[in-house]
Amino acid sequence: MIHTYTEPTPTEIRDQKIYLPWGLTDAEYELVCQKLDRLPNYTETGLFAAMWSEHCSYKKSKPVLRTFWSKNERVLQGPGEGAGILDIGDNQAVVFKAESHNHPSAVEPYEGAATGVGGILRDIFSMGAQPIAVLDSLRFGEIDNERTKYLINEVIAGIAGYGNAIGIPTVGGEIAFDKTYAGNPLVNVMAVGLLDQDAMKVGQAKGVDNAILYVGAKTGRDGIHGATFASAAFSDEEESDRSAVQVGDPFTEKLVMDATIAIVKRYPEDVIGIQDMGAAGLVSSSAEMASKAGMGVHLNLDLVPQREANMTPYELMLSESQERMLLVIKKGSESKAISLFAEYGLESVVIGKVTDDGMYRLDFNGEIVAQIDAQDLTTAPKYNLPAVAPKRLQNAAKEQFVPKIDDLKQTYLQILQQATIASKASLYRHFDSMVQTNTVVRPGSDAAVVRIRGTKKALAMTTDVNGRYLYLDPFVGGQMAMAEAARNIVASGALPIGITDCLNFGNPDNPEVYYELAQSVAGINQMAQALNTPVISGNVSLYNEYNDEAIYPTPMVGMVGLHADNQTIMTQGFKQAGDAIYVVGTTTAAFNGSEIQKMQTGTINGQLFAFDAEAELTNQQLVLSAIQAGLITSAHDLSEGGLAVGLAEAAFDQHLGFDVAVNLSDALLFSETQSRFIVSVNPAHQAAFEAHMGTAAQLMGQVTDNGTFKLTTTDGTTEILENEAYTSWKEAIGWLLK
Amino acid sequence: MFLAKIYVTYKPSILDPKGETVKDALQRMEYTGIEDVVMGKYFEIKLSSSDATSAAKEVESFSEKLLINVNMEVFRYEIEAITE
Amino acid sequence: MFLAKIYVTYKPSILDPKGETVKDALQRMEYTGIEDVVMGKYFEIKLSSSDATSAAKEVESFSEKLLINVNMEVFRYEIEAITE
Amino acid sequence: MKAAVITFPGSNCDLDMYHALVDEFQIETEILPATITDLSAYDAIFIPGGFSYGDYLRTGAIARFAPVMAAIKAADQQGKIIVGICNGFQILTEAGLLPGALQTNTQPGFICDITGLKVVNTTSKFTNAFTKSINQFPIAHGEGNYYVDAATLATMQANQQILFTYTDNPNGSIADIAGVTNVNGNVFGMMPHPERAVDALLGNVDGRAFFSSIIASLVNQQEAIKA
Ligand SMILES: Nc1ncnc2c1ncn2[C@@H]1O[C@H](COP(=O)(O)OP(=O)(O)O)[C@@H](O)[C@H]1O
Ligand SMILES: [Mg+2]
């Protein structure tokens, strides 16, 4: 009854351990045999290998993920679906999620990044939502070799090539460089969508005999085993292992997106569930829909649209061909759905139906080729892995690094040229940030802001994390990633309302890596609760290693904020000469893990500087209420490079200058103490502003228009020409990429 | 001097969205006999190599390194000696 | 069945920015002998025409109409009979 | 006045154009698919930006064969206003409704930015309401490098067909050309996006004069017909 073709027989699979290279361990294989009460055939072994991969099952990260705080009054949908959903009033909701495409991008950076954008957008519109923005968080090695330059250019071009063509603006993100990412770059993409709450759809296969409808591109042999591929580490030898690459087709995706949103609007009653075909393609989407609904599915693989001849069930089920969706359509409504998709020039085919026996059953050529309990398939064994604090943390020096500054001007210009600090405009200008004509704040300010047409509301969004901080202290670094994201949102005048994440780590079987994962999630979680920003979606990317060396722990935080009134949207740039400049928050010696430590010593080390969560919350609340009260003309959060960099960035926007005096040493201008902002205030509002802020804000000086940065510290007075500083900052990436 | 003509196409298992789109367009324009369209890249590269063998070596080397992505694409080439 | 191979390149008078970019990249990679790079498009189109003459006619017609922009581009082609 | 915004598979600035026309200028507007074959009910036709058919062969090349193009040609014959923005401009040149062609930017790669546009001629249907000679317009394209041969360029200059030039040529266009009309002055195309510069909330309203110009010339035209 169970057909096996010329593929290895069940006994051959067992004896030759064919499952091992697919990522199933001996014990897991044994468990499969137990659950089936027989040996799995080739197709079934493939299904289990994919569904039980870390990428699909989170079997190793789940104990940690379960701890995420993900419920509050706004949460309509938490983790577990294509994307999370938050209530933003007026029957509207915001939908967002982040996804990593690190491994594909290391192998084929253009298509890897492009299909990353395509995949995350499908997660958004599979909820019935209209995507309104994309953000990208990227990590590369130092820009000192051709390979890294190639990766940067291609990843940027890939994001642009997909996002621009499909017509969703790429409004924000971040790019940082460190040698830890040289062999394993990070490409994380976040997408945000807007939803009428009535149109909300989830990926569930409910209702016996309802139809499973396949929509979009045909299935080919591309990307087979992408899920297991994402769950393995890179090494030099494996550079030629490159089967899991797909070519993106944004044109088809645009049609699929528009049609999917249209069908939810036109036939809300007839669309029972929607799920995109992402990692592990057809098997993962259909098995997850079945098991979430407690149902079974019965698919006839002969009906799956195929791009290539003679595809086997194994290939059909595991292909990761892009631009495909799976819908569950109410029985009897199939032809309505099919003709709607045809209007958009799309092929759609009923390939099976929902059953009530809980079985995942596949037919091919008139024979049954897989028959598995859907719950078994989607329930991988869970692992509680050991966690051990890395040695470097135990031995870290307590003292803070002391920067050496002989010539403030020279240090100042030098830090502005550091790749991580320098302007990324020459890269993000490749992204269409304006299409859809809703982008109020484009890339270049702390958070991007996208208005919600027809309302006074707007959404702020940002992605943040500093892997160096987490490397020195994963818990506090996790808190800081959250704190910085929230500061960015607040600086734009919005209230932070929720986050998504991409947890980028090394091999979790290494107890030190697992410790980093657990601790950083704990840090993120602590701040998520403090900020009332639930974790509503996310993604885990493990095995980010090159030649057995793990990347810095890099849990990217993607945060969304809500503007109730688009008239109080704030940007980071100084607006006019004569405005008073204040710093909010206290500056202390915070140098371990800082940009200046990296710049002056070539590395980072020591114990991470302290973080005061309470000061963070207080300062954020004060700045937000001051913005909303109209007391402020610009607000900028301080992060890498400290006051020195923050002041310069605020001035560059309109090519203004400043004249400030601080009771700090030259070195402290580069301190990265958290919880700080620079704000500018019109003289007419100074008294009210000072009364509002109390001791949290100190006057530093004022905005000038004489083309000069004038800085007086306890070490003396220094003047720097704005255009010299600007050129250093603006052109540095271009020079490095030459 | 040598002239290398290099043809780059996707591997057969890789989706060729450009070729598909051109095929659809031709079929809509009522060129009824179009069975299949592959759209690739075409390079004409002039090299000042000393002899055909070293020119071929060079072409193979840079085609693999730069012109194609070996994960997705294949190439073939022809080389001819040219004057000037 | 016929297989047409069609090569599209810019007219010589038109700047070829992509070809220039590839040339620069090759030169930076220390392929010293690169004199010139032209980057064009390459099509392989299968047609079910009845004979080679009509296949050629068809290829010329759709190449001019669709595949090239006559303001900027030129094409040449080869046709061979194939089985299957 | 009644306007049509034509959307091809892959167009993505159709809604932006629609909102500019309807929300900002209260013009009765419909979005129509490229399968439509009759445009006689419309006074002005807008072909928006995007990536029609993925721009996979060449920008605008496949769109040119869509059914709607015959109706657009008919509208041209009647002297109706036809506007192509970005991909729309590329489609109009491919279709031969405007001279020239758009090629890959001299520095290959998509650019999204704000660029200075000089209004060369303020007597046209598309520029009569401009009061500033330099305006800031958004651009977003990878293939906006305008090319015409020398002879055509000379006649275009003689006919005052060049309406906008770039102050800081971002894409290598010949003679800094950003926007052109046909000989009759009723068909216009440009790479920059006026529809992205009409709403004060988004920080730029320099594009408003473009729409005001079209409205003014349509009003004039209708008054002329009445008289
Ligand atoms: N780090 C995380 N934090 C919160 N939720 C997570 C995290 N990782 C995964 N999830 C949730 O688990 C579910 C499955 O995620 P994933 O497998 O990445 O989705 P997809 O099938 O789209 O690839 C999603 O709902 C996602 O939001
Ligand atoms: Mg998904």
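Described below are features of the structure shown in this document. The structure presented is a predicted model; accordingly, all values stated were derived computationally and were not measured.

A few words on unusual backbone geometry. Residue Q436 of chain A is not a glycine yet carries a positive backbone phi of 85 degrees. If you trace the backbone, Q436 of chain A turns up in the loop between α17 (425-428) and β14 (439-441). Residue Q436 of chain A is classed as buried on the basis of its relative accessible area, which comes to 14%. The backbone of Y53 of chain D sits at a positive phi, close to 50 degrees, despite the residue not being glycine. Tracing the sequence through the fold places Y53 of chain D in the loop between β3 (44-47) and α2 (68-77). Here Y53 of chain D falls in the buried class, since its relative accessible area comes to 9%.

Residue and element names in this part refer to chain A. One can find S423 in the loop between α16 (408-416) and α17. For S423, a relative accessible area of 5% gives the class buried. In this structure, the C-alpha to C-alpha distance between S423 and E731, residues 308 residues apart in sequence, is 7.5 Å. Within the structure, S423 has its side chain in polar contact with the backbone nitrogen of A425 (distance 3.1 Å).

A complete count under the given rule lists 40 aromatic pairs over all chains for this structure. Taken together through their ring pairs, the aromatic side chains of F25, F46, F126, F130, F137, F164, F188, F210 and F211 of chain D make up a single cluster. The cationic tip of R392 of chain A hangs over the ring face of Y471 of chain A; the distance from NZ or CZ to the ring centre is 3.8 Å. A cation sits over an aromatic face here: R76 of chain B above Y7 of chain B, 4.2 Å from the ring centre.

Turning chain C through 180 degrees and shifting it by 0.0 Å along the axis lays it on chain B, with an RMSD of 0.1 Å. Given the turn and translation reported, the copies of this chain are related as if by a two-fold rotation axis. Comparing contact sets, 97% of the residues at the interface of chain C also lie at the interface in chain B, consistent with an isologous, same-surface contact.

Right, let's talk about the interface of chain A and chain B for a bit. Taken residue by residue, the interface counts 13 residues in chain A and 11 residues in chain B. In total, about 1100 Å² of surface goes out of reach between chain A and chain B, with carbon and sulfur atoms giving 59% of it. Linking chain A with chain B are two residue pairs in polar contact (both at pLDDT 80 or more), by the criterion used here. For the side of chain A that touches chain B, the per-class residue count stands at four nonpolar, one polar and eight charged.

Looking now at the coordination of the magnesium ion (ligand 2). Residue and element names in this part refer to chain A. With distances of 1.9 to 2.7 Å, the protein atoms coordinating the magnesium ion (ligand 2) are D123 (OD) and D276 (OD). One end of the pair, D123, is in helix α7 (residues 109-125); the other, D276, is in strand β8 (residues 271-276), with 153 residues separating them in the sequence. Residue D276 is classed as buried on the basis of its relative accessible area of 7%.

Quick look at the sheet that holds strand β27 (residues 708-713) of chain A now. Residue and element names in this part refer to chain A. What the seven strands build is an open sheet, ordered β23-β25-β22-β26-β24-β27-β28; its pairing is mixed. The outermost strands of the open sheet, each flanked by one partner alone, are β23 (634-637) and β28 (716-721). When the angles between neighbouring strand axes are averaged without regard to direction, this sheet yields 20 degrees. Taken together, the five bridges between strand β22 (residues 580-584) and strand β26 (residues 697-704) define a ladder with antiparallel strand orientation. Paired with V583 across the bridge in β26 is Q698. Together, β23 and β25 (677-681) form the strand contacts of helix α19 (residues 474-491), whose direction differs from that of β23 by roughly 170 degrees. Along the sheet face, helix α25 (residues 722-737) touches β27 and β28 and points at about 65 degrees away from the line of β28.

Attention now goes to helix α24 (residues 686-693) of chain A. Residue and element names in this part refer to chain A. Those residues of α24 that sit buried are Q686, F689 and M693. Seen along its axis, α24 keeps its buried residues to an arc of 65 degrees; they face one direction. Seen from the buried face of α24, the exposed residues on the opposite side, beyond 90 degrees, are A687 and A691. Looking at the buried positions of α24, the neighbouring elements they touch are β22, α22 (613-628), β25 and β26. One or two positions beyond α24, positive phi appears at G694, with a value near 60 degrees.

Each value, and the rule that gives it
Residues numbered from 1 in each chain as written. Chains lettered and ligands numbered in written order. Predicted model: local features only at pLDDT ≥ 70, side-chain atom pairs only at ≥ 80, totals over all residues. Heavy atoms only, no water. Helix = DSSP H or I, 4+ residues; strand = E, 2+ residues; numbered from the N terminus. Buried < 20%, exposed > 50% of the residue type's maximum accessible area, 1.4 Å probe, protein only. Polar contact = N/O pair within 3.5 Å; in protein donor to acceptor, adjacent residues only side chain to side chain. Phe/Tyr/Trp six-rings, centres within 6.5 Å; stacked < 30°, edge-to-face > 60°. Lys NZ or Arg CZ within 6 Å of the ring centre and 35° of its normal. Least-squares fit on C-alpha atoms with pLDDT ≥ 70 in both. Contact = heavy atoms within 4.5 Å. Buried area = accessible area lost by both parts, 1.4 Å probe. Nonpolar A, V, L, I, M, F, W, Y, C, P; charged D, E, K, R; others polar. Donors = N, O, S within 2.8 Å, 3.2 Å for Na, K, Ca; no water. Pairing = 2+ DSSP bridges. Axes fitted to C-alpha atoms, helices over the stretch in contact; angles between N-to-C directions. Arc of directions from axis to C-beta.

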